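Here's the letter readout for the chains.
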Amino acid sequence: MKQVIYCSLTSKMSRLCLFLLLTFSTSLMAQEGDPVNGKSLFNSNCAACHKLDAPMTGPALRNVETRLSDDEGLDRVWLSSWIRNSSALVKSGDAYANKVFNEHNGTQMTPFPQLSDQDISDILAYTAAPKPEPVVVEKTAGDGQAAQQGGISNDLILGALALLFALLAMALVIVNRTLNRFAEVKGIKVITEKEKRTPLWKAFAQNQFLVLVTTIVFLLASGYFVYGYLMQVGVDQGYEPVQPIHYSHRIHAGDNGIDCKYCHSSARVSKTSGIPSLNVCMNCHKSISEVAPETLAEGNEYGVDYNSEIQKLYEAVGWDGTGYTGESKPVKWIRIHNLPDFAYFNHSQHVSVGGIECQTCHGPVEEMEVMYQNAPLTMGWCINCHRETNVKVKDNEYYTKIHDQLSKKYGVDQLTVAQMGGLECGKCHY
């Protein structure tokens, strides 16, 4: 009987130990944290006010758990309480909580009661990760050495050939002088080529047919080049100025998919598309002071340090990383697309009413690292567009009545802009 009871107790103890072991191991795993998931949680919850390596609205958070433990003697329990409800911790009279609260001008931290212990562990694991080294695109030593060797070899070959031709030229000069001296000694008169033939210009002047043909060709060529030059007056196709702050449409409109009308909002309701206010830039760059290492490496291809350009933006708006200083500077943007004063163009008419995409006139903006004028913007270019583009009348009451009348007049289902009066002089010049 005792043996049976002993075996039963032993079995229960084994199960209890196994349960405790599993519970302890699970707890340890939960405390380790997943930095990959922590990055996602950090970006969605913390990045609006915090950076890892620089202060923003809140303090920098790189190694925040270690720093608080070493400097203040605070553990993860305190951190969890602060993250979930900082205002309650401040009201409780906690010394360090009030210190942080006062250092940041009484700014209340957003509470995150929905974050679990595992979520907080993941976020802290992400903040504890070492700072990655910047990615730099460099040529390998072997490629550079091979190119250098190839350059030296080519220089030697070119130098040897130049020396050879110089020696040959000197030899010919010496032979010519020697032969002339022998002729003088023997009393032989040397007749040069100049004494044999008539000068070319004199022969040309004596041939009236050649003079007439050359004059006609010269006049036609002059007229062609003068006409071509005059037709380029005021045409700035390909104009690509260097702006005071480098702005990559490739990154913003292309990689990040930002809609053109988010920045150029007045294009929908105004004659001009307008230059975006720097406050529009700060909607995002208040939280983005550095680009990803991969993006920074891409800038090397264009000779641009994107982080330095963001700092130029901060200097212009007077942002010190935590708030506005009030010391702003105007940015002297260089206008790229500039129609003559006698030509009227309304963005809202084309963008909102006509439904024309920005790329139709401005080209593949989402691929441009540096913005340039893609189209010639000449009168002929605009007229061709009006002749070829059908008016979008579906669900557009602006055109319903006039479209019904003109479609009956021309006997067509679709009307071009030209058929609706788009070629009248007063449409663009008045």
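A short tour of the structure in this document, coming up.

Taken together, the side chains of Ile 157, Leu 158, Leu 161, Leu 164, Phe 165 and Leu 168 make up a nonpolar region of the molecular surface, amounting to roughly 600 Å² of accessible area. Mapped onto the elements, Leu 164 comes out in helix α8 (residues 141–186). On the accessibility criterion, Leu 164 (44% relative accessible area) is partly exposed.

The subject of this paragraph is the packing of aromatic side chains. Within this structure, the stated rule accounts for 5 aromatic pairs. Judged by centre distance (5.6 Å) and plane angle (10°), the rings of Trp 78 and Trp 82 are stacked. Here Trp 78 and its partner Trp 82 are both found in helix α4 (residues 76–84), 4 residues apart, which amounts to about one turn of the helix. There is no split in this pair, since Trp 78 and Trp 82 are both buried. Counting every residue linked through ring pairs, the aromatic cluster contains Trp 78, Trp 82 and Tyr 96.

Turning to the packing of helix α2 (residues 35–45) against helix α7 (residues 117–127), a few remarks are in order. Interaxial distance between α2 and α7 falls to 7 Å at its minimum, and their mutual angle equals 95°. Overall, the two elements α2 and α7 adopt an arrangement that is roughly perpendicular. For the pair α2 and α7, the contacting residues are Pro 35, Asn 37, Gly 38, Lys 39, Leu 41 and Phe 42 in the first and Asp 119, Asp 122, Ile 123, Ala 125, Tyr 126 and Thr 127 in the second. Here the residues of the contact of α2 with α7 are counted per class, giving 6 nonpolar, 3 polar and 3 charged.

As a further point, take the layout of surface pockets. Considered as a void within the structure, the second largest pocket measures approximately 730 Å³ in volume. Lining of the second largest pocket is provided by 35 residues; of these, His 50, Pro 59, Leu 61, Trp 82 and Met 109 occupy positions nearest its centre. Elements with a minimum of two residues in the lining of the second largest pocket: α3 (64–72), α4, α5 (86–91), α6 (95–103) and α7. By residue number, the principal contributor to the lining of the second largest pocket is α6, which donates 5 residues.

Analysis parameters
Residues numbered from 1 in each chain as written. Predicted model: local features only at pLDDT ≥ 70, side-chain atom pairs only at ≥ 80, totals over all residues. Heavy atoms only, no water. Patch = residues over 30% accessible without salt bridge, like charges linked within 9 Å, V, L, I, M, F, W, Y side chains within 5 Å. Areas by Shrake-Rupley, 256 points an atom, 1.4 Å probe, with all protein chains shown as cover. Salt bridge = Lys/Arg side-chain N within 4 Å of Asp/Glu carboxyl O. Helix = DSSP H or I, 4+ residues; strand = E, 2+ residues; numbered from the N terminus. Buried < 20%, exposed > 50% of the residue type's maximum accessible area, 1.4 Å probe, protein only. Phe/Tyr/Trp six-rings, centres within 6.5 Å; stacked < 30°, edge-to-face > 60°. Axes fitted to C-alpha atoms, helices over the stretch in contact; angles between N-to-C directions. Parallel < 35°, antiparallel > 145°, perpendicular 65-115°, else oblique. Contact = heavy atoms within 4.5 Å. Nonpolar A, V, L, I, M, F, W, Y, C, P; charged D, E, K, R; others polar. 1 Å grid on protein atoms, 1.4 Å probe; cavity = no way out; pocket = protein on both sides within 12 Å on 5 of 7 lines; lining within 4 Å. Points joined across faces, edges and corners; volume = space filled by probe spheres on them.

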